[in-house]
Amino acid sequence: MIKNYKWLAISYTVPRTPSKSRVYVWRKLKEMGSEPLNQGISLLPANDDNYEKFKNLKNKILSLKGDAKILFLEFEDEKESHRMKEIFKNNTKEEYKSLITECKKILSGMKNKSRQSSEINKKIKEVNRSYKKVKEKQFFPEELSKELENEINEIKDSMKDIQNDLKNLF
């Protein structure tokens with residue numbers, strides 16, 4: 001059923017008060033990686049996972065005394081569909097660039113031993129958490145994904161080298 005469509009949309013309204021309800025919906029949509037189409041309408045690529053996410057959000061909006069509808073969507077013009085796909089790709093591209101930069105800093109700190117190991121471990125955990133989040137929002141292939149995975153693998157290899165060096169000391 002979903003495979004016949006390219007896009008899912010959720011149309012929603014949330015009561016003005018309490019404002020925390022609107023903020024909750026906004027955060028959830030951002031977390032999902034959805035893209036606003038118009039005020040009160042957000043879009044995700046059509047797949048089973050995204051349909052479930054929208055369905056859960058719809059139920060939450062209804063429990064907040066709002067209104068929500070899920071729509072299957074196609075753009076009349078294929079150029080519009082392509083433009084929307086590029087918007088989704090660009091959204092994750094910036095997050096990948098940021099994570100790659102952070103990985104390079106971690107590797108530099110590991111090689112120069114200029115940072116405490118606890119600080120490095122904390123940074124690695126942050127990168128890993130952020131990587132999982134951005135990966136969930138990556139709906140279309142992204143070249144930077146491979147570059148980030150290479151950086152993460154280099155960090156892992158450096159960690160193994162450090163562990164081996166410690167074993168050899170004792």
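First things first, this report covers the structure right here in the doc.

Basis of the calculations
Residues numbered from 1 in each chain as written. Predicted model: local features only at pLDDT ≥ 70, side-chain atom pairs only at ≥ 80, totals over all residues. Heavy atoms only, no water. Helix = DSSP H or I, 4+ residues; strand = E, 2+ residues; numbered from the N terminus. Buried < 20%, exposed > 50% of the residue type's maximum accessible area, 1.4 Å probe, protein only. Contact = heavy atoms within 4.5 Å. Areas by Shrake-Rupley, 256 points an atom, 1.4 Å probe, with all protein chains shown as cover. Phe/Tyr/Trp six-rings, centres within 6.5 Å; stacked < 30°, edge-to-face > 60°. Core = buried A, V, L, I, M, F, W, Y, C linked by side-chain atoms within 4.5 Å. 1 Å grid on protein atoms, 1.4 Å probe; cavity = no way out; pocket = protein on both sides within 12 Å on 5 of 7 lines; lining within 4 Å. Points joined across faces, edges and corners; volume = space filled by probe spheres on them. Nonpolar A, V, L, I, M, F, W, Y, C, P; charged D, E, K, R; others polar.

## Things to note about the overall build of the chain
Of regular secondary structure, the chain possesses 5 helices and 4 strands. Each helix and strand of the chain, ordered N terminal to C terminal, gives the series β-α-β-β-α-β-α-α-α. Per-residue burial for the chain yields a buried fraction of 33% across its 170 residues. Pairs at least 24 apart in sequence give 76% of the contacts found in the chain among residues at least 6 apart. For the chain, the accessible area works out to roughly 11500 Å², and carbon and sulfur atoms hold 49% of it.

## Points about the packing of aromatic side chains
For the coordinates displayed, the defined rule picks out 4 aromatic pairs. Here Trp-7 and Phe-75 contribute two aromatic rings whose centre-to-centre distance is 6.1 Å and whose plane-to-plane angle is 80 degrees, an arrangement assigned as edge-to-face. Within this pair, whereas Trp-7 is found in strand β1 (residues 7-13), its partner Phe-75 is found in the loop between β4 (67-73) and α3 (78-112), the two being separated by 68 residues in sequence. You'll find Trp-7 and Phe-75 in the same group, each marked buried. A ring pair is formed by Trp-7 and Phe-88, whose centres lie 5.7 Å apart and whose planes are at 25 degrees; its orientation type is stacked. Placement of Trp-7 in strand β1 and of Phe-88 in helix α3 is noted, with a sequence separation of 81 residues between them. Neither residue differs from the other here; Trp-7 and Phe-88 are each classed as buried.

## Topic: the nonpolar core
Residues Trp-7, Ile-10, Phe-54, Ile-61 and Phe-88 are the most contacted members of the largest nonpolar core, which totals 21 residues. Per-element accounting of this core gives the leading share, 4 residues, to β1. In contact with Ile-61, other than residues within four places in its own chain, are Ile-10, Tyr-12, Thr-13, Val-14, Val-25, Gly-66, Asp-67 and Ala-68. Counting residues in hydrophobic clusters, the runner-up holds 15 residues, among them Leu-99, Cys-103, Ile-120 and Ile-152.

## A short note on the layout of surface pockets
The computed volume of the largest pocket comes to approximately 340 Å³. A per-element tally of the lining of the largest pocket places α3 first, with 4 residues. The residue makeup of the lining of the largest pocket, split by class, is 6 nonpolar, 8 polar and 4 charged.

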